[in-house]
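Residues per chain are reported as follows:
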Amino acid sequence: MLLWREFTAWVTIDGQEATEYGIETSEDQKTVTCWIASELGKTFSVHWRNASYPHDTAGYVKMDGSSCGGIVLYRQSVPRTVEKNGVSDGFTVRPFMFSSLELTDDDALLGSSSSYQDLGIIELMIVPVQVTQRGVPGVNRSLAQLKIHERSKKAVTQQISLAESKIIPNPAPLVRARSAGPGLVKFYFKYRPMDVLRANGIVPYAPELKTKTPVDPPRASTSGANGLMDMKGEKFLRDKLNAGGAKVESKDNKPVKKRESGDVIDLTQESSRSKKLKLEGKRPFIKGEIIDLT
């Protein structure tokens, strides 16, 4: 929503308020400018509100530089919001709609810039007015479909056209008004497709979604009855180990020599002793000796 003192303005596309990007306000020129994302085939409306300005005002709308009429907002009804959704003859309305821009290779249009200098801009100008006539006949308005040379479009790929006409259920009387002072403010909505706005850095790209690191499931708690059983089991095992150590110590009172790290154990001593004992227990057999087998 654009703001200038007592006035605010915005655009809705298919009934949804359009997001404004890159809003710029000029106090000297009395302008508020922004960018909006347009979508082919969708209709839109221009809204504005007078919160407290104490005079009759009119909002005049232009599409791509073409005048589309306006709406008078009377001071007696302030604060009030009005909507301009298309061109009207008083009984029917043809809604505004985003459409494709027609390109051509006709070189006769290559050097002509006046036909598209306002292309891609929705303009709302608010001025103080004085109503001079009521009940005037309606005017049939239309929007010319522009042809642009394909080398001159300057990233503009769309224009505004008019959708099929609709009957106005409760038509309001048309009036004629004249300016009662200098313009109060101009609101500019520059429209482009979303991919063009992103390519030009006007709209940031959506951040990439980062995958979350899987989290290990929580371990079972040792509190409560299970924890108490674990503590009892641990105490029982500790007591058994202590009892086993006591029995070993009482069975053999000799101190056990602890082997230091790095000591070499001689495994040949015990083996040679056992061999000697076995040889001493048997009498050697002498050749020629008779053995009594009875």
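Basis of the calculations
Residues numbered from 1 in each chain as written. Predicted model: local features only at pLDDT ≥ 70, side-chain atom pairs only at ≥ 80, totals over all residues. Heavy atoms only, no water. Phe/Tyr/Trp six-rings, centres within 6.5 Å; stacked < 30°, edge-to-face > 60°. Helix = DSSP H or I, 4+ residues; strand = E, 2+ residues; numbered from the N terminus. 1 Å grid on protein atoms, 1.4 Å probe; cavity = no way out; pocket = protein on both sides within 12 Å on 5 of 7 lines; lining within 4 Å. Points joined across faces, edges and corners; volume = space filled by probe spheres on them. Nonpolar A, V, L, I, M, F, W, Y, C, P; charged D, E, K, R; others polar. pLDDT = per-residue confidence, 0-100. Contact = heavy atoms within 4.5 Å. Polar contact = N/O pair within 3.5 Å; in protein donor to acceptor, adjacent residues only side chain to side chain.

1. Digging into the packing of aromatic side chains
The geometry of an aromatic ring pair is captured by two quantities: the separation of the ring centres and the angle between the planes. Counting across every chain of the model gives four aromatic pairs. Where F44 meets F96, the ring centres are 5.6 Å apart and the plane angle is 25°; that geometry is what we call stacked. Residue F44 is found in strand β6 (residues 43-50), and its partner F96 is found in strand β11 (residues 92-100); the two are separated by 52 residues along the sequence. Consider the rings of F44 and F98, whose centres lie 4.5 Å apart with planes at 20°: the pair is stacked. With F44 in strand β6 and F98 in strand β11, this residue pair connects regions lying 54 residues apart in the sequence. A network of ring pairs unites the aromatic residues F44, F96, F98 and Y191 as a single cluster.

2. Some remarks on the layout of surface pockets
Rolled over the atoms, a probe sized like a water molecule indicates the empty space that remains. As a volume, the largest pocket reaches approximately 1,100 Å³. Around the largest pocket sit 34 residues that line it, and G70, I71, K84, P173 and L174 are the ones nearest its centre. Looking at the lining of the largest pocket, the elements that each hand over two or more residues are β7 (57-63), β8 (66-73), β9 (80-84), β10 (86-88) and β17 (175-179). The residue inventory of the lining of the largest pocket, partitioned by class, reads 19 nonpolar, nine polar and six charged. As a volume, the second largest pocket reaches approximately 150 Å³. Lining the second largest pocket we find I13, D14, Q16, E17, A18, T19, Y21, I36, A37, E39, K42 and M194. Where the lining of the second largest pocket is concerned, the elements lending two or more residues are β3 (16-17) and β5 (31-37). Grouping the amino acids of the lining of the second largest pocket by side-chain chemistry returns six nonpolar, two polar and four charged.

3. Regarding the confidence of the model for the protein chain
Low-pLDDT portions of the prediction should not be read for the details of their coordinates. Confidence along the protein chain averages 78 in pLDDT terms, with 66% of residues attaining 70 or more. Between residues 248-252, whose pLDDT stays under 50, and residues either more than four places distant or in other chains, the model counts zero contacts. The model gives residues 285-294 a pLDDT under 50, and that stretch makes two contacts with residues more than four places away or in other chains.

4. Thoughts on the environment of P193
Among the secondary structure elements, P193 is positioned in the loop between β18 (185-192) and α1 (194-199). The sequence separation of P193 and A37 amounts to 156 residues, and the corresponding C-alpha distance is 5.2 Å. With residues up to four places along the chain from it excluded, the contact list for P193 reads S38, T157 and Q158.

5. Comments concerning the side chain of S161
Tracing the sequence through the fold places S161 in strand β15 (residues 158-162). In this structure the side chain of S161 is engaged in a polar contact, spanning 3.2 Å, whose partner is the side chain of S99. Each residue touching S161, except ones within four places of it in the same chain, is listed here: P95, F96, M97, S99, L143 and Q145.

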